[in-house]
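A look at the structure
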Amino acid sequence: MAFPDIDEVQEMLEAACEEIPAAFYDELNLGIHLEPQVYLHPEGHGDLYILGQYSVSMIGSQISIYYGSFARVFAHDDRAQVAREVRDTLLHEFRHHMEHRAGERDLEIEDEMEMAAYHHEYAKRIGD
C-alpha cells in the first residue's frame, strides 16, 4: 500500500476544511496550505516531525500542513487513517488560531509540556 500522493492528501485536507464552521476562518487571511516538504522540529533529535503549523506575521495568519512530514510519519497507515490524521492536525492548528484570536495560550502550553516530555524521554533513552 503506497502512501497517498500530494493531490490525494490535498483532497483530504479540503474535505476536512469543509467541516470547519465559516466563522473560524475569520482573520485567517493567508489561508490553509499543503506544503510538500518534510519539516523536522528544530528542537527535536532527528525523529520529531512537524505535521502542521499556525503562523502569524505582520501580513496575516495562515495554517500550513506538511505533506512530506505526513509521508514520513504515517508511511504505513491506510488512507482512512491518514485522512483522520490530516483532520486532527488541521483542528489542532485551528485551535491555535482561535486561541490566538482570543488572547489565550492553553494549546501552546500543552505543546510546550509535550515537548518537555519528549526531551525527558529522549534523555532517558540515551542515558540507558
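All of the points below concern the structure found in this document. As the structure is a computational prediction, the values presented were derived from the model and not from experiment. (Residues numbered from 1 in each chain as written. Predicted model: local features only at pLDDT ≥ 70, side-chain atom pairs only at ≥ 80, totals over all residues. Heavy atoms only, no water.)

**Considering the sheet that holds strand 3 (residues 60-66)**
Cut-off, in case you're wondering: Pairing between strands is defined by DSSP: at least two bridges between the two strands are required. Starting at the N terminus, helices and strands are each numbered in turn, a helix being any DSSP run of H or I of at least four residues and a strand any DSSP run of E of at least two. Simply put, an axis is a line fit to the C-alpha atoms, just over the touching stretch for a helix, and the angle between two N-to-C directions goes from 0 to 180 degrees. The contact definition used throughout considers only heavy atoms, calling two residues in contact when any of these lie within 4.5 Å.
Spatially, the three strands line up as an open sheet ordered 1-3-2, and their pairing is mixed. Taken across any chain shown, the strands that pair with only one partner, and hence form the sheet edges, are strand 1 (32-35) and strand 2 (52-57). For this sheet the average axis-to-axis angle between neighbouring strands, irrespective of direction, equals 25 degrees. The pairing of strand 2 with strand 3 spans six bridges and is classified as antiparallel. For Ser55, the partnering residue across the bridge sits in strand 3 and is Gln62. Strands strand 1, strand 2 and strand 3 of the sheet are contacted by helix 3 (residues 79-102), whose axis makes an angle of about 25 degrees with strand 2.

**Some remarks on the packing of aromatic side chains**
Counted only if it meets this: For this analysis, a ring pair means two rings from Phe, Tyr or Trp (six-membered ring only for Trp) whose centres lie within 6.5 Å, classed as stacked if their planes differ by under 30 degrees, edge-to-face if by over 60, and tilted for the remaining angles. Note on exposure labels: buried denotes an accessible area under 20% of the residue type's maximum, exposed denotes more than 50%, and partly exposed covers the range between, all computed with a 1.4 Å probe on protein chains only.
Counting across every chain of the model gives four aromatic pairs. Taking the centre distance of 5.5 Å and the plane angle of 40 degrees together, the rings of Phe70 and Phe74 count as tilted. For the pair formed by Phe70 and Phe74, the shared burial category is buried.

**Observations regarding the layout of surface pockets**
Put simply, the test is: Cavities and pockets are defined on a 1 Å grid built over the protein atoms alone: a cavity is a set of grid points where a 1.4 Å probe fits but cannot escape, while a pocket is an open set with protein on both sides within 12 Å along at least five of seven lines, and lining residues are those with an atom within 4 Å of any such point. Grid points are joined across faces, edges and corners, and a volume is the space filled by probe spheres set on the points. Residue polarity is assigned by list, with Asp, Glu, Lys and Arg as charged and Ala, Val, Leu, Ile, Met, Phe, Trp, Tyr, Cys and Pro as nonpolar; anything else, Gly included, falls into the polar class.
There is about 980 Å³ of room inside the largest pocket. Taken together, 30 residues line the largest pocket, and the ones lying closest to its centre are His41, Gly52, His92, His96 and Asp111. Of all the secondary-structure elements, those providing two or more residues to the lining of the largest pocket are strand 2, helix 3 and helix 4 (106-127). Sorting elements by how many residues they give to the lining of the largest pocket places helix 3 first, with eight residues. Of the residues in the lining of the largest pocket, the class split is 11 nonpolar, eight polar and 11 charged.

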